[in-house]
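Observations on chain architecture
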Amino acid sequence: MSTLLAPASSVLDPSRVDGKPGGERRATQVRGGALLAAGALAALVAGACGGRVVVDGFEPPPDGSNGSGGSWSSGDTASSAPQGSSGAGQGGSIGEGGAPPIPPLVKEEHNNVDIDGAVPVTIEPGTLGFTAVAEIMASSPSFEPIGIESIRGPDGRLLAADYTIPGTMAAFFNQGIGAAAVPQTGADASAPLAPGVYWIKLGNGGVGPLVEPVRLSVWHRRTLDGRFHGGKIDINAFIAGEAVSEQYMRRALLAAYEGYVGLGVGSINIRHLGSEWEFIDDELLPGLLEQTAGAPGRPALNVIAVTAFGGSIVQASGVTPAVPSVAVEHGTHLSGIVVTLYEEPSVDSFILRHELGHLAGLFHTTELDADFGDPLDDTPQCDNVRSLEDRCPDFGNLMFPTGGDFSGTITPQQTAIVRASALYRGIVEQGGGAAVPLPGDADTPASGAPIAPPTPGEGARPFAPDHLASTAALPPHAAALLAGHFCGQSAARGADFDELLREAGADADRLLAVGRDPGAPAYVRARALTAAGRAAARSSASARVIAELQALAADPRLPRRARLGAVEGVASASPAAARALAARLTADADGVVERMATRAAAR
């Protein structure tokens, strides 16, 4: 459903940030998490001091030709060195030709942007799309709000206003960095973009004068003829503690992204984070994303695997800090996606693709709040996800908010938006080769030996709601929720997974039955046990439910993930019971379970 934007209006309250009055803003900055949902940030910005241009994988001519919007900066062009070895396949026939004759991705940079106008950005013929990134120029990642207040096209039409697109749940601002992309609507999801001058206006919500200067970077995605010709996604994978093995991480990434919208996988670089990052809530999320600083290469997708989510994002499978986020800079509060992988290949592939869709600029086809959905013409929308679920016309779409049936269909307009993003190293002509990466903050070599992706269907389980409905007398809608994907974008907008389960008729006893069921996938059992503990807190049978959850958490025969779900369920039901459980699990043979129990008891 395309929506033409009306003039900017005060949809949100500019005196509030993350739901807190302006006077409480600074105390909220660290607590609020990277999924910052604030009020209508009042318009600021603009006129910038010149446009400095860098490119990916292209050595520019000395006279600056073939550029746009400024002068070439050879110091920031990509290295001509060949790409390092990695654990990734090379995408078959995708991008095996020679070096590109023009830069596929051009960065136009405006430093010290003022607050009294808009920045003109010239879009040249052959441009598939652009990503605008506003960032506070500070020595460390800032928690001050900043974002893209509006984008106006050459014809005067507003493409974004008041930091959003009407009808969506977009918020084109965040802590220290904000981003927006064109196209993100059906009206503009055709290649190439209309050439001409676009006007980009930044803002910080009128929360006070800017203490630090602001930079606007605009990344232009180009080809010779304005058509998509493929490219390579380089991936920096971060594993927190023992969240997942390196081998499975590589296989999951290859299975998810090789061939995704016609792209191939380039390099996969593995890094490890400490066990303190295994559990992530909304307070810890910004700090976790900062851990991507120093990752190699740009553009590159940062994927962080954690063991579990908590706080307002409890029960989530994946979290993307904003729509879009960034793959062209590391160490910011928008630098990547965070997932928990279940070692269920079909489910994990969906989670990875869904969250990458958000990073590239895709919204949920329909939100759990039925008044909102994406602004595309070719994605059907559901009248009420909460009541219809598997009867929704968009149930099979990749961007359905609860995962749907995991078939992950994607429409032409959704595909065009991902292809127009600054996510990958592009190919500019038929039969050409992908650009080499821009250097990252540190030129860290890839780790590990090449691993082939799993064969289709290998290790995959069928979609499980019918099994759950029959073995646990669980209502079909509740079964579909348990077996689906709960996205951090929904959680950030106030959706409560456990409340959705209660609405669907899942009580504590039925959830316990799922948790005990050895035929259910471990992640489904984990979710059910967590939800059972939350339901027990409001039940007259809470003592009995808590006792059973404690026994399941301590049972070494259960899969680790199911045990972790039981730990979280106990902590949700009773802090005292969580402390008793942590004492019981001291020196447990599974160190992850022991650590998570100790953490849960301390909350």
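Right above here is the structure, for reference.
Here's a quick rundown of the structure. Every chain begins its residue count from 1, and numbering advances along the sequence as written. Predicted model: local features are reported for residues with pLDDT of at least 70 only, side-chain atom pairs are reported and counted for 80 or more only, and whole-chain, interface and lining totals are derived from all residues. Just so you know, side-chain values use all the structure's heavy atoms and leave hydrogens and water out.

Considering the environment of R221
Relative to the helices and strands, R221 resides in strand β13 (residues 214-222). The sequence separation of R221 and P103 amounts to 118 residues, and the corresponding C-alpha distance is 8.8 Å. Pairing of N or O atoms within 3.5 Å defines a polar contact, subject to two protein rules: one partner must be a possible hydrogen donor and the other a possible acceptor, and residues neighboring in sequence count only if both atoms are side-chain atoms. Among the polar contacts listed, one links the side chain of R221 to the backbone oxygen of S421, at a separation of 3.0 Å. The way it works is that DSSP assigns letters per residue, a run of H or I at least four long becomes a helix, a run of E at least two long becomes a strand, and they are numbered from the N terminus.

Things to note about the pattern of salt bridges
Opposite charge on two side chains makes pairing possible when the charged atoms of those side chains draw close. Each salt bridge in this description consists of a side-chain nitrogen of Lys or Arg and a carboxyl oxygen of Asp or Glu lying within 4 Å of one another. Under the counting rule described, the total for this entry stands at 17 salt bridges. Where E242 meets R560, a salt bridge forms, and the shortest distance between an N and an O atom there is 3.7 Å. Linking E242 in the loop between β14 (231-240) and α2 (246-257) with R560 in helix α14 (residues 560-573), this pair joins segments that are 318 residues apart in sequence. A 1.4 Å probe rolled over the protein chains alone gives each residue an accessible area, and that area as a share of the maximum for its type sets the label: buried under 20%, exposed over 50%, partly exposed in between. With a relative accessible area of 42%, E242 lands in the partly exposed category. With relative accessibility at 31%, the residue R560 sits in the partly exposed group. When the shortest N-O distance is used, the salt bridge between D590 and R560 registers 2.9 Å. Of this pair, D590 sits in the loop between α15 (575-584) and α16 (591-602) while R560 is found in helix α14, placing the two residues 30 residues apart along the sequence. Through salt bridges that share partners, E242, E278, R560, D590 and R595 make up one connected network.

A look at the packing of helix α11 (residues 508-516) against helix α13 (residues 542-553)
Lines fitted to C-alpha atoms define the axes here, with helix axes fitted over just the stretch in contact, and angles between the N-to-C directions of these axes take values from 0 to 180 degrees. Running from N to C, α11 and α13 point in directions that differ by 10°, and their axes come no closer than 11 Å. By the criterion of interaxial angle, the relationship of α11 to α13 is roughly parallel. With respect to the hand of their crossing, α11 and α13 are arranged in left-handed fashion. Seen from α11, the contacting residues are A508, D509, L512 and R516; seen from α13, they are R544, V545, E548, L549 and L552. In what follows, roughly perpendicular refers to angles from 65 to 115 degrees, roughly parallel to angles under 35, roughly antiparallel to angles over 145, and oblique to any angle outside these ranges. Helix crossings get a hand from a simple test, with the near helix turned counterclockwise from the far one by less than a right angle marking a left-handed crossing and a clockwise turn marking a right-handed one. Throughout, a contact is declared for two residues whenever any of their heavy atoms are within 4.5 Å.

Side note on the nonpolar core
For the purposes of this section, nonpolar cores are sets of buried Ala, Val, Leu, Ile, Met, Phe, Trp, Tyr and Cys residues that join through side-chain atoms within 4.5 Å. Counting residues in hydrophobic clusters, the biggest one holds 121 residues, and the most contacted among them are M249 and Y257. Listed in part, the 27 residues of the second largest apolar core include V119, I148, F172 and V218.

Here's the deal with empty space enclosed by the protein
Space inside and on the surface of the protein is sampled on a 1 Å grid over the protein atoms alone, with a cavity defined as a set of points where a 1.4 Å probe fits but cannot get out and a pocket as an open set with protein on both sides within 12 Å along at least 5 of 7 lines; lining residues have an atom within 4 Å of a point. Grid points are joined across faces, edges and corners, and a volume is the space filled by probe spheres set on the points. Overall, the coordinates contain six cavities of 30 Å³ or more when judged by the stated rule. Put simply, the largest cavity is a space of about 280 Å³. Along the walls of the largest cavity sit 22 residues, with A308, F309, T530, R561 and G565 positioned nearest its centre. Where the lining of the largest cavity is concerned, the elements lending two or more residues are β18 (308-309), α12 (522-536), α14 and α16. Partitioned by chemical class, the residues of the lining of the largest cavity number 12 nonpolar, five polar and five charged. Under this grouping Gly is polar, as are all residues other than the nonpolar Ala, Val, Leu, Ile, Met, Phe, Trp, Tyr, Cys and Pro and the charged Asp, Glu, Lys and Arg.

A word on the environment of E568
In this structure, E568 sits in helix α14. Owing to a relative accessible area of 12%, E568 belongs among the buried residues under this scheme. A sequence separation of 19 residues divides E568 from L549, and the C-alpha atoms of the two residues are 9.3 Å apart. When sequence neighbours within four positions are dropped, the list of residues in contact with E568 reads F279, V314, T530, R534 and R603.

As for the packing of aromatic side chains
Whether two aromatic rings pair depends on their centres lying within 6.5 Å, for rings of Phe, Tyr and Trp, where Trp uses its six-membered ring; planes under 30 degrees apart make the pair stacked, over 60 edge-to-face, and the rest tilted. Per the counting criterion, the structure on display carries eight aromatic pairs. Summarising the aromatic geometry, the rings of F130 and Y198 are spaced 5.4 Å apart at their centres and angled 75° between planes, so their arrangement reads as edge-to-face. Of this pair, F130 sits in strand β7 (residues 127-136) while Y198 sits in strand β12 (residues 196-203), and the two are 68 residues apart along the sequence. For F130, a relative accessible area of 0% gives the class buried. Relative accessible area serves as the criterion here: at 4%, Y198 is assigned to the buried category. Between F350 and F406 the ring centres are 5.1 Å apart and the planes differ by 75°, which places this aromatic pair in the edge-to-face class. Within this pair, whereas F350 is found in helix α4 (residues 345-360), its partner F406 is found in the loop between α5 (385-388) and α6 (412-419), the two being separated by 56 residues in sequence. Given a relative accessible area of 3%, F350 falls into the buried group. Owing to a relative accessible area of 15%, F406 belongs among the buried residues under this scheme. Both a distance and an angle decide whether a charge sits over a ring: NZ of Lys or CZ of Arg must be within 6 Å of the ring centre and within 35 degrees of the ring normal. Of note, R221 hangs over the ring of Y424, and the distance from its end group to the ring centre comes to 3.7 Å.

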